[in-house]
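Architecture at a glance
Residue strings, one per chain:
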Amino acid sequence: MSIRLPPLSALRAFTALARLGSINAAAEELSLTQSAISHQIRSIEDYLDVVLFNRDGRKMTLTDAGRVYAYQIRQALDDIGSATDKLSRKPKPNQLVVSVLPSFAQYWLLPRLAGFALQHPDFYLTLSATMAFSNFSDDPIDCAIRFGHGDWPDLHCELLMGDSLLLVASPDFNQGQLPQTVAQVMQAPLLHASESWAVWLSAAGVEQLRPKGKLEFTDSTHLLEAARLGLGIALTRRSIAQTLIDRGELVRVTEIEPTHPSASYYLVWPHRVNQTPALLQLTAWLHVEVSRYQQVYDAKKQ
């Protein structure tokens with residue numbers, strides 16, 4: 001059985017006018033003339049044999065039937081647009097969209113990407129920096145680098161590396177007079193994002209102490225910038241602080257560095273998706289870079 005469908009161009013004109021309430025605005029949005037919009041509205045009303053708009057001179061307002069129809073058609077067009085967008089996002093052989101934490105992207109991944117570009121000059125890599133866990137069903141991404149427990153349902157989880165916690169500050173903090181003891185650290189302005197002070201204090205053997213006050217951030221990128229500007233001492237992950245330490249923009253405050261107790265970095269992608277050649281290339285490159293990073297870190301500890 002065939003389904004009666006009015007012309008798509010008429011439906012687009014109808015929903016635009018219903019949403020904007022002005023023929024002129026609808027015409028501008030659709031790059032049509034005002035007379036073309038009027039013609040499309042008349043054609044759809046003739047097709048349906050239903051009055052969709054009340055007309056009072058140049059003023060047009062939706063009838064009750066028009067209001068209901070506009071809501072239903074808008075949903076249907078949104079569904080068509082979503083389906084079309086998903087189909088057009090089929091991954092190309094040499095293209096990946098990667099979701100990643102802003103702090104990890106800026107301080108660990110970006111300094112290493114030049115090497116990836118040299119190895120894969122025809123590769124198109126898009127980084128989607130976000131604090132939120134991406135929804136692989138709705139977001140236009142192929143894989144993600146996540147920091148967590150590695151037990152996300154319906155996802156392949158490829159372990160990349162663990163991490164550790166350390167205290168850092170600007171070398172000019174407190175006019176260069178950095179704290180020498182844990183007690184002195186607790187008296188200083190403290191900066192904090194998502195890491196647990198209790199874990200660091202336990203490693204320092206002073207579980208009973210608590211920070212007297214701290215400035216808190218939702219994004220570790222801002223945390224490290226605040227530390228670099230001398231606002232205080234930051235508790236952070238080595239993976240994102242090491243670049244600034246190597247540049248001399250941050251220094252370690254103590255040698256206490258507990259392993260992060262509950263989270264690691266993982267490369268993840270949906271179970272329903274096979275590991276494409278592009279994803280295999282990215283995975284292999286990441287493992288090589290992680291190995292190099294850990295070798296340098298282990299050498300510095302000796």
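See the structure printed just above.
What counts and how
- Residues numbered from 1 in each chain as written.
- Predicted model: local features only at pLDDT ≥ 70, side-chain atom pairs only at ≥ 80, totals over all residues.
- Heavy atoms only, no water.
- Disulfide = S-S within 2.5 Å.
- Core = buried A, V, L, I, M, F, W, Y, C linked by side-chain atoms within 4.5 Å.
- Buried < 20%, exposed > 50% of the residue type's maximum accessible area, 1.4 Å probe, protein only.
- Helix = DSSP H or I, 4+ residues; strand = E, 2+ residues; numbered from the N terminus.
- Phe/Tyr/Trp six-rings, centres within 6.5 Å; stacked < 30°, edge-to-face > 60°.
- Lys NZ or Arg CZ within 6 Å of the ring centre and 35° of its normal.
- Pairing = 2+ DSSP bridges.
- Contact = heavy atoms within 4.5 Å.
- Axes fitted to C-alpha atoms, helices over the stretch in contact; angles between N-to-C directions.

Time to look at the state of the cysteines. For the structure shown, the criterion picks out zero disulfides. In this structure Cys 143 is a free cysteine whose sulfur lies 12 Å from that of Cys 157, the closest cysteine sulfur available.

With that settled, consider the nonpolar core. Core analysis: the largest hydrophobic core is formed by 43 residues, its most contacted members being Ile 145 and Leu 286. Ranked by residues supplied to this core, first place goes to helix H11 (residues 277-301) with seven residues. Counting residues in each nonpolar core, the second largest holds 21 residues, with Ala 10, Phe 53, Ala 70 and Ile 73 among its members.

With that settled, the discussion passes to the packing of aromatic side chains. Each pair of aromatic rings is reported with the distance of its centres and the angle of its planes. The full count for this structure, using the stated rule, is eleven aromatic pairs. Their ring planes at 35° and their centres at 5.5 Å tell us that Phe 14 and Tyr 69 sit as a pair that is tilted. In this pair, Phe 14 sits in helix H1 (residues 8-20) while Tyr 69 sits in helix H4 (residues 64-88), placing the two residues 55 residues apart along the sequence. We note that Phe 14, like Tyr 69, is buried. Here a set of aromatic residues connected by ring pairs shows up, and it is made of Phe 104, Trp 108, Phe 147, Tyr 265 and Tyr 293. Over the face of the ring belonging to Trp 152 we find Arg 146, whose NZ or CZ atom lies 5.4 Å from the ring centre. Over the ring of Phe 147 we find Arg 237; its NZ or CZ atom is 4.7 Å from the centre of that ring.

Overall, mixed pairing links the five strands, which are arranged E9-E8-E10-E7-E11 in an open sheet. In this open sheet, the two edge strands, each paired with only one partner strand, are strand E9 (214-216) and strand E11 (251-252). The sheet contact formed by strand E8 (residues 190-192) and E9 spans three bridges and is parallel. Paired with His 192 across the strands is Glu 216, a residue of E9. Sheet strands touched by helix H9 (residues 220-228): strand E7 (165-169), E8 and strand E10 (233-237). Its angle to E10, the strand with the most contacts, is close to 140°.

Moving on, we get to unusual backbone geometry. The phi torsion of most residues other than glycine is negative, and most of the peptide bonds are trans. Residue Asp 49 is not a glycine yet carries a positive backbone phi of 60°. Looking at where Asp 49 falls in the secondary structure, it is placed in the loop between helix H3 (34-48) and strand E1 (53-56). Judged by its relative accessible area of 69%, Asp 49 falls in the exposed class. The residue Asp 154 is not glycine, and still its phi comes out positive at about 65°. Summarising the element assignment, Asp 154 is placed in the loop between strand E5 (143-148) and strand E6 (155-161).

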